[in-house]
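# Examination of the molecular architecture
Spelled out, the chains give:
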Amino acid sequence: MSQTELPKPLFLDELSVGQKFTSASYDVPEAEIKEFASRFDPQPFHLDDEAAKSTLFRGIAASGWHTAAITMRLLVQGGAPLAGGIVGAGSEIEWPYPTRPGDVLHVESEVIEIIPSRSKPNQGIVRMRSETKNQNGKVVQVLTAKLIVPRRS
């Protein structure tokens, strides 16, 4: 499969509990961490090398929201090939370990529950747990999301 070719989108009835997906990878340069933070999360531990050393992060760390944005990109670009796109209906998010400059992230996702809608028979909810990991396998984000997935018409 080429980089521009996405996997075939999966409808609700084509998914099963335990089904797993793995995304491509994404390099996180320090300049991007600082750019994102300067626009959306301007805290010293995201922006200033010296100031970051004296924080609990002990150095520059990406904003959790930056990690979430990278996760979303990786999911959309084939990490979770859901028909209708990645449409959220709620989620829980954790950042157990910081994303650092130079990290190479990928996402490993698993379907943990499928709930067909009673009121909207053309769709359902899929609960998916996605772990964003760095190049060393360290989990930098856990996202457990309820996603709206259509049935095949």
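Please read these numbers as outputs of a predicted model, since none were measured by experiment.

### Things to note about helix α1 (residues 30-40)
Those residues of α1 not exposed but buried are Ile33, Phe36 and Ala37. All buried residues of α1 project into a common sector of 95° when viewed along the axis, lining one side. Facing away from the buried side of α1 by more than 90 degrees, the exposed set consists of Ala31 and Arg39. Each element contacted by the buried residues of α1 is listed here: α2 (44-47) and α4 (64-79).

### As for the side chain of Thr144
If you trace the backbone, Thr144 turns up in strand β5 (residues 139-150). Exposure remark for Thr144: the relative accessible area of 17% places this residue in the buried category. Leave out the neighbours within four places in its chain, and Thr144 touches Gly90, Ser91, Glu92, Ile112, Arg127, Met128 and Arg129.

### Describing the pattern of salt bridges
Taken as a whole, this structure holds ten salt bridges when the rule is applied. Of the charged contacts in the structure, one is a salt bridge between Lys34 and Asp49, with a shortest N-O distance of 3.0 Å. On the criterion of sequence distance, the pair formed by Lys34 in helix α1 and Asp49 in helix α3 (residues 49-53) is long-range, its members being 15 residues apart. In this structure Asp49 comes out as partly exposed when scored by relative accessible area, which is 37%. Linking Arg127 and Glu113 is a salt bridge whose minimum nitrogen-to-oxygen distance equals 3.1 Å. Of this pair, Arg127 sits in strand β4 (residues 123-133) while Glu113 sits in strand β3 (residues 104-116); the two residues are 14 residues apart in sequence, bridging distant segments of the chain. Relative accessible area serves as the criterion here: at 28%, Arg127 is assigned to the partly exposed category. By relative accessible area, Glu113 is classed as partly exposed at 30%.

### A word on the pairing of β3
Each regular strand shows side chains that alternate between the opposite faces of the sheet. When strand β1 (residues 20-27) meets β3, the two strands line up antiparallel, connected through six bridges. Its bridge partner being in β3, Ser25 is matched across the sheet by His106. When β3 meets β4, the two strands line up antiparallel, connected through ten bridges. Along β4, the bridge assignment pairs Glu108 with Glu131.

Parameters at a glance
- Residues numbered from 1 in each chain as written.
- Predicted model: local features only at pLDDT ≥ 70, side-chain atom pairs only at ≥ 80, totals over all residues.
- Heavy atoms only, no water.
- Buried < 20%, exposed > 50% of the residue type's maximum accessible area, 1.4 Å probe, protein only.
- Helix = DSSP H or I, 4+ residues; strand = E, 2+ residues; numbered from the N terminus.
- Arc of directions from axis to C-beta.
- Contact = heavy atoms within 4.5 Å.
- Salt bridge = Lys/Arg side-chain N within 4 Å of Asp/Glu carboxyl O.
- Pairing = 2+ DSSP bridges.

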